[in-house]
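Take a look at the letters that make up each chain.
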Protein chains: 2
Amino acid sequence: MDIAFIGLGIMGKPMALNLHNAGHTVFVHGRRAESMTPLCDGGCTRCDSPAEAASRAEIIIVMVSDTPDVEQVIFGDNGVIHGAKPGSVVVDMSTISPTATRRFADDLRARGIEMLDAPVSGGDVGAINATLSIMVGGKPEVFDRVKPVFEALGKNIVLVGDNGAGQVAKACNQIVVAVSIEGVAEALTFARKNGVDPAKVRDALMGGFAGSRILEVHGKRMLDNAYPPGFKTKLHRKDMNIVMQTAHELGLDLPAAALVTEHLEVLMNAGDAELDSAAVMKVVENLSGMER
Amino acid sequence: MDIAFIGLGIMGKPMALNLHNAGHTVFVHGRRAESMTPLCDGGCTRCDSPAEAASRAEIIIVMVSDTPDVEQVIFGDNGVIHGAKPGSVVVDMSTISPTATRRFADDLRARGIEMLDAPVSGGDVGAINATLSIMVGGKPEVFDRVKPVFEALGKNIVLVGDNGAGQVAKACNQIVVAVSIEGVAEALTFARKNGVDPAKVRDALMGGFAGSRILEVHGKRMLDNAYPPGFKTKLHRKDMNIVMQTAHELGLDLPAAALVTEHLEVLMNAGDAELDSAAVMKVVENLSGMER
């Protein structure tokens, strides 16, 4: 298939490459010209704008950072709408606001262009190995059309509901992960303050109801007091902003999510934006004067 | 081995039976006389007091509800200390305060009696099937002596540390479970308020980093809006009281644990003490006016 891929960062670059390697014709555009070079050397086609990439493809994938970036790429000067053909599909794989997503989908549909929101989890490792989880919102028939493309990028591919539902699922994922990190951090701090080896406690808990990927992976980072990302605090903070903003729009009270969002903010202010978000442990330790 | 078993409730009864079936000689005592009958019919020996049971055994297991109950059984009138022989071991499998546990261990040791704290997780199903997780605090040589007894009761048996460490691990378990329930409840409420099917969201999340036993088992109860226990709210509330009391003694700030403790209290006040503690979902829904 002819696919435009816009946004060639730590996630987008390996994803575009996987599409090329799966036999698709990939038209790439990145904000930084040098981001396109390795992909074009590998056989993708360089495009000078989102509009140009969109004009040459039937599936237009967007993989950028935040809601304003997606809006700019699709609707801005030289944006996707200035090139996309009626009947093409915009697939936004960025993690952005569900509310803005529904608006973007409506605006595109008014121009005869379909949209799917399809945010992912699994990080750069999942992007490289094509093992991303992909949470999709949109019409079933559009999902079916794009599914072969998703299958070149990930494994657990779920159509969650209508436009925006993919972003809602991703927001839910980030809530569960954030609150679980907080729970593990508080438990391991409780163990340490009681003079009990937190590593032994983690062992004892792993098999039972307290067992989780977060206890296993993030818990290990906490034990080691070492937070190489993984998933950066600044990105988790950005995603929790989306959660809290959406909750505010809907009149939803999410007290634990709000609490962890605060802890991520404290980390940001302490200059730890680049650490894995398991570093919430540092905030929890500091609350009780237990810095290491 | 000759084993005293004191406390024949929903947990203690099947545990005592498993010990008998494993070939041990079991001397039982329950506060309610009728609780002893089925066990004595099955071959255990009835004792009229904790002191009498203790006097006939080398391992004395206590499985009651809370810290004051354990204190009464061990140190009260006709308590264990009035019968236990020097060299015997008191194994407290109740979930109680780590601080009180250390005091009890010291007081017993002063009389030549060893103690292990060995709280469990896995509920009545784990007790019946002898698949409990057992978190143990005490001396390694005492642990080794009692280990064959534990192996007739459970599977994941971990010596976490010195006296009190088992109770600390259990408290950590209850923190992680409680905070994880809150996280899943907030995420599924977020989905529902966004008009997205929470069951689909749970499916999409199960394979990734948000996946956990809590999302699987407690998440299902939340989707069904049905909360048969499982683990009762009143017991989880009691365990979180131990957590918060211990945290207070140590000057520890555990904000998410405190938040969920509040939510369990709200449930209690609403008359939902007998529901599974996944019913925290009801509190989260009510916060945003989403009662069902």
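Residues numbered from 1 in each chain as written. Chains lettered and ligands numbered in written order. Predicted model: local features only at pLDDT ≥ 70, side-chain atom pairs only at ≥ 80, totals over all residues. Heavy atoms only, no water.

**Q** Would you mind going over unusual backbone geometry in detail, with residue names and values included?
**A** Residues and elements named next belong to chain A. The peptide bond linking Pro229 to Gly230 adopts the cis configuration, its omega dihedral lying at 10°. For Gly230, the position within the fold is in the loop between helix 10 (213–224) and helix 11 (233–250). Look at Ala130: it is not a glycine, yet its phi comes out positive at around 55°. Considering the arrangement of structural elements, one finds Ala130 in the loop between helix 6 (123–129) and strand 8 (132–137). Classification of Ala130 as buried rests on a relative accessible area of 19%. (Helix = DSSP H or I, 4+ residues; strand = E, 2+ residues; numbered from the N terminus. Buried < 20%, exposed > 50% of the residue type's maximum accessible area, 1.4 Å probe, protein only.)

**Q** Before we move on, can you summarise the interface of chain A and chain B with the specific residues and values?
**A** The partner chain B presents 60 residues to the 60 residues of chain A that form the contact. Together chain A and chain B conceal approximately 5000 Å² of surface at their shared face, both sides included; 72% is due to carbon and sulfur atoms. Run the count over chain A and chain B and you get 10 residue pairs in polar contact (both at pLDDT 80 or more). Elements supplying a minimum of two residues to the side of chain A that touches chain B: helix 5 (98–109), strand 9 (154–161), helix 8 (165–193), helix 9 (198–206), helix 10, helix 11 and helix 12 (255–269) of chain A. Sort the elements by how many residues they give to the side of chain A that touches chain B and helix 8 of chain A lands first, with 20 residues. Taken together, the residues of the side of chain A that touches chain B break down into 37 nonpolar, 15 polar and eight charged. (Contact = heavy atoms within 4.5 Å. Buried area = accessible area lost by both parts, 1.4 Å probe. Polar contact = N/O pair within 3.5 Å; in protein donor to acceptor, adjacent residues only side chain to side chain. Nonpolar A, V, L, I, M, F, W, Y, C, P; charged D, E, K, R; others polar.)

**Q** Tell me about the confidence of the model for chain A, residues and numbers included.
**A** Summarising the model, chain A shows a mean pLDDT of 97, and 100% of its residues fall at 70 or more. In the predicted assembly, ipTM is 0.96 and pTM is 0.96. (pLDDT = per-residue confidence, 0-100.)

**Q** Kindly report on empty space enclosed by the protein, identifying the contributing residues and their values.
**A** Any space left empty among the atoms is revealed by the rolling of a water-sized probe across them. Tallying each qualifying case throughout the model produces three cavities of 30 Å³ or more. One number sums up the size of the largest cavity: a volume of about 100 Å³. A:Ser180, A:Ser212, A:Ile214, B:Ser180 and B:Ser212 are, among the 16 residues lining the largest cavity, the residues nearest its centre. Elements supplying a minimum of two residues to the lining of the largest cavity: helix 8 of chain A together with helix 8 (165–193) of chain B. Classifying every residue of the lining of the largest cavity gives 10 nonpolar, six polar and no charged. (1 Å grid on protein atoms, 1.4 Å probe; cavity = no way out; pocket = protein on both sides within 12 Å on 5 of 7 lines; lining within 4 Å. Points joined across faces, edges and corners; volume = space filled by probe spheres on them.)

**Q** Got a sec to walk through the pattern of salt bridges? Specific residues and values, please.
**A** Per the counting criterion, the structure on display carries 30 salt bridges over all chains. Residue B:Arg103 pairs with B:Glu71 through a salt bridge whose shortest N-O separation is 3.3 Å. One end of the pair, B:Arg103, is in helix 5 (residues 98–109); the other, B:Glu71, is in helix 4 (residues 67–75), with 32 residues separating them in the sequence. Taking the relative accessible area as the measure of exposure, B:Glu71 reaches 32% and is therefore partly exposed. The partner of B:Lys232 in a salt bridge is B:Glu274, and the shortest N-O contact between them spans 2.8 Å. Separated by 42 residues along the polypeptide, B:Lys232 in the loop between helix 10 (213–224) and helix 11 (233–250) and B:Glu274 in the loop between helix 12 (255–269) and helix 13 (280–287) bring together distant segments of the chain. Judged by its relative accessible area of 41%, B:Glu274 is partly exposed. Through salt bridges with shared partners, a single ionic network connects A:Asp106, A:Arg109, A:Glu114 and A:Lys139. (Salt bridge = Lys/Arg side-chain N within 4 Å of Asp/Glu carboxyl O.)

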